[in-house]
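# Report on the structure
The chain contents come next:
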Amino acid sequence: VSFSEVEDRIHRFPHKITYYYRILIVSFDSSAGAENFPDVLKALSEFFPEGNIAKRKTHYVIVIPEASHDYQLSFDTTALNKVLARCGCRLGISNATRDLTSMRSLYMLTLNTISLAKRLDLTPGERIYFQEKYCVYNTLDFCTQTFMSLFGNDDVLLLAHPSIIGLTRYDRTHNNNLR
């Protein structure tokens, strides 16, 4: 998609992007959870009344215009987390930017953030995942994927300092966890 196509589509949004924007993705735990989307949509419209919502394959994308580059959105995360849990879905929230050409990248990063957050389960019960909280994990994940793709090997431990490699192999041999 060219920049002019992106610009054209953005100009059709009901809520115009004037300065910054942020991408939110609603992902359902199962295909049955998608039936709850009307409830989720209602809640999200209350929490983010300026959101532009579109359906993508198995999830929904919300583009929120912002007047400033705040690091965190301010909303009642506890209340929204309860709605998301009840409806069987999760919410990924990107960082804010002015760069319209970054929209696809933010979308992909936010999808990856949801995937990582589900696997890592850093805060059990949490269903709202901010990209900024998972940026290091995203970086490590992309490095790992690239390593495996380039070298056809999944032993990413080879990237570590030799002492870490030695400790890890010792742990495996002796069923320990000295790391």
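Residues numbered from 1 in each chain as written. Predicted model: local features only at pLDDT ≥ 70, side-chain atom pairs only at ≥ 80, totals over all residues. Heavy atoms only, no water.

## Side note on the side chain of Gln 131
Structurally, Gln 131 is set in the loop between β5 (128–130) and α5 (135–151). Setting aside chain neighbours within four positions, we find Gln 131 in contact with Ile 93, Ser 94, Asn 95, Leu 106, Leu 109, Thr 110, Thr 113 and Asn 138. (Helix = DSSP H or I, 4+ residues; strand = E, 2+ residues; numbered from the N terminus. Contact = heavy atoms within 4.5 Å.)

## With respect to the packing of aromatic side chains
What the rule picks out here adds up to 8 aromatic pairs. Their ring planes at 80° and their centres at 6.2 Å tell us that Phe 28 and Tyr 60 sit as a pair that is edge-to-face. Residue Phe 28 is located in strand β1 (residues 20–28), and its partner Tyr 60 is located in strand β3 (residues 59–66); the two are separated by 32 residues in the primary sequence. The pair Phe 28 / Tyr 60 is uniform in exposure class, with both members buried. Aromatic side chains Phe 75 and Phe 130 sit 6.3 Å apart centroid to centroid with 35° between the ring planes, which places their arrangement in the tilted category. Residue Phe 75 is found in the loop between β3 and α3 (77–87), and its partner Phe 130 is found in strand β5; the two are separated by 55 residues along the sequence. The residues Phe 75 and Phe 130 share a single accessibility class, namely buried. Taken together, Phe 47, Phe 48, Phe 75 and Phe 130 form an aromatic cluster joined through their ring pairs. (Phe/Tyr/Trp six-rings, centres within 6.5 Å; stacked < 30°, edge-to-face > 60°. Buried < 20%, exposed > 50% of the residue type's maximum accessible area, 1.4 Å probe, protein only.)

## Points about the side chain of His 59
By the element assignment, His 59 lies in strand β3. Within the local environment of His 59, its side chain forms a polar contact with the side chain of Thr 58, the two groups lying 3.4 Å apart. A polar side-chain atom of His 59 sits 2.8 Å from a polar atom in the side chain of Tyr 107. For His 59, the contacting residues outside a window of four places in its chain are Ile 25, Val 26, Ser 27, Ala 54, Tyr 107 and Leu 111. (Polar contact = N/O pair within 3.5 Å; in protein donor to acceptor, adjacent residues only side chain to side chain.)

## Some remarks on the pairing of β3
Taken across its 8 residues, β3 has 8 buried, putting it largely inside the fold. Side-chain alternation along β3 places His 59, Val 61, Val 63 and Pro 65 on one buried face and Tyr 60, Ile 62, Ile 64 and Glu 66 on a second face that is also buried. As paired elements, β1 and β3 share 8 bridges and run antiparallel to each other. By the bridge assignment, Tyr 21 is partnered in β3 with Pro 65. (Pairing = 2+ DSSP bridges.)

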